[in-house]
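Each chain, written out:
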Amino acid sequence: MQYYQAKAGKIAGANFKEVYKTARYIYEAIRKKGKRNPHIRSPYFKNQKIFLQFFWGHLFAKKNWKDRLRRIQYFKATIELVQSGKIAPESKENPNNTKEIYHRFSGMTCEKEIFCVQIKEDKKSGKKYLISVFPKE
């Protein structure tokens, strides 16, 4: 399996509040660049937009604070992977909804920790959404 080697590492912090503050700062910088929905562009998808608003809803759907913390620590590396990565993801159709495709990219931080980024694609509209980030076990 190939991994995108990110220059960014995990976001440092002792607790969720510190890490969230840094991740939100990165997100706000992206959000301020556009007028409407915050997005980044991916070279793998021929510079199509990847929308970010679903990520936060998915993150806060997790009830366990430790799980939220371990996911949000990879936010900076995730943004770099999506903006710069050209390695093909594992793609498969959503078993619960045949109108969606899930793309799972794999990356490695500068600390050699492997993580996965999941992007959902709507087949009908072609829109893509960043859904989840998690460390690979």
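It should be noted that the structure appears before, not after, this text.
Just so we're clear, the structure is a prediction, and the values are computed from it rather than from any experiment.

Basis of the calculations
- Residues numbered from 1 in each chain as written.
- Predicted model: local features only at pLDDT ≥ 70, side-chain atom pairs only at ≥ 80, totals over all residues.
- Heavy atoms only, no water.
- Patch = residues over 30% accessible without salt bridge, like charges linked within 9 Å, V, L, I, M, F, W, Y side chains within 5 Å.
- Areas by Shrake-Rupley, 256 points an atom, 1.4 Å probe, with all protein chains shown as cover.
- Salt bridge = Lys/Arg side-chain N within 4 Å of Asp/Glu carboxyl O.
- Lys, Arg positive; Asp, Glu negative; His and termini not counted.
- Charge placed at Lys NZ, Arg CZ, Asp CG, Glu CD.
- Helix = DSSP H or I, 4+ residues; strand = E, 2+ residues; numbered from the N terminus.
- Buried < 20%, exposed > 50% of the residue type's maximum accessible area, 1.4 Å probe, protein only.
- Contact = heavy atoms within 4.5 Å.
- Polar contact = N/O pair within 3.5 Å; in protein donor to acceptor, adjacent residues only side chain to side chain.
- Arc of directions from axis to C-beta.

Notes on a positive patch on the surface
Next, step 1: There is a patch of like positive charges on the surface, built from Lys35, Arg36, Arg41, Lys49 and Lys127.
Next, step 2: Within the fold, Arg41 resides in strand β2 (residues 39-42).
Next, step 3: A residue is classified by how much of its surface remains accessible, and Arg41, at 41% relative accessible area, is partly exposed.

Brief notes about the environment of His103
Next, step 1: Among the structural elements, His103 can be located in strand β5 (residues 100-108).
Next, step 2: Its relative accessible area of 6% is what places His103 among the buried residues.
Next, step 3: In sequence terms His103 and Lys62 are 41 residues apart; their C-alpha atoms lie 21 Å from each other.
Next, step 4: Aside from chain neighbours lying at most four places away, what touches His103 is Phe45, Pro89, Glu90, Ser91, Val117, Gln118, Ile119 and Glu121.
Next, step 5: Reaching out from His103, the side chain makes a polar contact with the side chain of Ser91 at a distance of 2.6 Å.

Some words on helix α3 (residues 65-72)
What sets the pattern is the α-helix's 3.6 residues per turn: residues three or four places apart point alike.
Next, step 1: All of the buried residues along α3 are Asp67, Arg68, Leu69, Arg71 and Ile72.
Next, step 2: Packing partners of the buried residues in α3 comprise α1 (16-31), α2 (53-61), α4 (75-84) and β7 (128-135).
Next, step 3: Measuring from the side-chain oxygen of the N-cap residue of α3 to the backbone nitrogen of Lys66 gives 3.0 Å; that N-cap residue is Asn64.

Overview of α2
Next, step 1: What α2 keeps buried is the set Phe55, Trp56 and Leu59. The buried residues of α2 occupy an angular sector of 95 degrees when projected down its axis, which confines them to one face.
Next, step 2: Residues of α2 that are buried in the fold lie against α1, α3, α4 and β7.

Shape is all these values report; function is a separate question.
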